Amino acid sequence: MINIIVAVAKNGVIGDKNSLLWHIREDMVHFRTLTSGHPVIMGRKTYDSIGRPLPKRTNVVITRDTELQIEGCTMAHSLEEAIALFDPQEEIFIIGGAQIYTQALPLAHRIYLTVVERDYQGDTSFPEIDYSVWRQTSREDFSRGEEFEHPFSFITLER
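Definitions and limits used
Residues numbered from 1 in each chain as written. Predicted model: local features only at pLDDT ≥ 70, side-chain atom pairs only at ≥ 80, totals over all residues. Heavy atoms only, no water. Phe/Tyr/Trp six-rings, centres within 6.5 Å; stacked < 30°, edge-to-face > 60°. Helix = DSSP H or I, 4+ residues; strand = E, 2+ residues; numbered from the N terminus. Buried < 20%, exposed > 50% of the residue type's maximum accessible area, 1.4 Å probe, protein only. Pairing = 2+ DSSP bridges. Axes fitted to C-alpha atoms, helices over the stretch in contact; angles between N-to-C directions.

Quick word on the packing of aromatic side chains
Line of reasoning, step 1. Enumeration over the complete set of coordinates arrives at 7 aromatic pairs.
Line of reasoning, step 2. Taken together, a centroid distance of 4.9 Å and an interplanar angle of 55 degrees make the contact between Trp-22 and Tyr-120 tilted. Here Tyr-120 lies in the loop between β7 (110–116) and β8 (124–125) and Trp-22 lies in the loop between β2 (13–15) and α1 (25–35), a separation of 98 residues in the sequence.
Line of reasoning, step 3. For Trp-22, a relative accessible area of 7% puts it in the buried group.
Line of reasoning, step 4. Taking the centre distance of 5.0 Å and the plane angle of 65 degrees together, the rings of Tyr-101 and Phe-126 count as edge-to-face.

Structure below.
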């Protein structure tokens, strides 16, 4: 089962200069709750932005660099290679970045989408979602976060 998990601004932006543009405590808790105990697959730039393997998860980093080794992570050289490391019944999470999301979108069974109801300027966007092939199965709206002043929503989409 391939899941994508992503936080997206209203205008589709997901980051700038390899960094998140917002800090929503509730979204971090949501991410940790959903992904803990499951493999996470990410590109090398996403790993660099996190700076360490995520605890309580098998961390797979996709890189073109065949020499690169990162302690606490399994290395793969393509999305297909990363996915093939796991049983098809295993629930895995694609956590970024944009190139990996683009490759994973046609393969994904579910998208855990956090929509930040504000436009942001950034250099990285999530690929366009074709809503004709996805149905919303859950939605939780927030008028603001504990420390974040803008509305946001947790949305689950399934094929």
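Now that the structure has been shown, the text picks up again.
Description of the environment of Gln-99
Line of reasoning, step 1. Along the polypeptide, Gln-99 turns up in helix α4 (residues 98–104).
Line of reasoning, step 2. Given a relative accessible area of 55%, Gln-99 falls into the exposed group.
Line of reasoning, step 3. The spatial distance from the C-alpha of Gln-99 to the C-alpha of Thr-124 is 9.5 Å, given a sequence separation of 25 residues.

Some remarks on unusual backbone geometry
Line of reasoning, step 1. Residue Gly-97 is reached from Gly-96 by a cis peptide bond, and omega for that bond is 0 degrees.
Line of reasoning, step 2. With phi around 60 degrees, Asn-18 is a residue other than glycine that occupies positive phi space.
Line of reasoning, step 3. Turning to its location among the elements, Asn-18 is positioned in the loop between β2 and α1.
Line of reasoning, step 4. Of note, Lys-56 is a non-glycine position whose phi angle comes to about 65 degrees, a positive value.
Line of reasoning, step 5. With respect to the helices and strands, Lys-56 occurs in the loop between α2 (44–50) and β4 (59–62).
Line of reasoning, step 6. The class of Lys-56 is exposed, set by a relative accessible area of 71%.

A closer look at the sheet that holds strand β6 (residues 92–94)
Line of reasoning, step 1. Ordered by their spatial adjacency, 8 strands build an open sheet running β5-β4-β3-β6-β1-β7-β10-β9, and the pairing between neighbours is mixed. In this open sheet, the two strands that pair with only one neighbour each are β5 (73–76) and β9 (135–142). Looking at each pair of strands side by side, their axes are set apart by 20 degrees on average, direction ignored.
Line of reasoning, step 2. The sheet contact formed by β4 and β5 spans 4 bridges and is parallel. Across the sheet, residue Val-61 finds its bridge partner in β5, namely Met-75.

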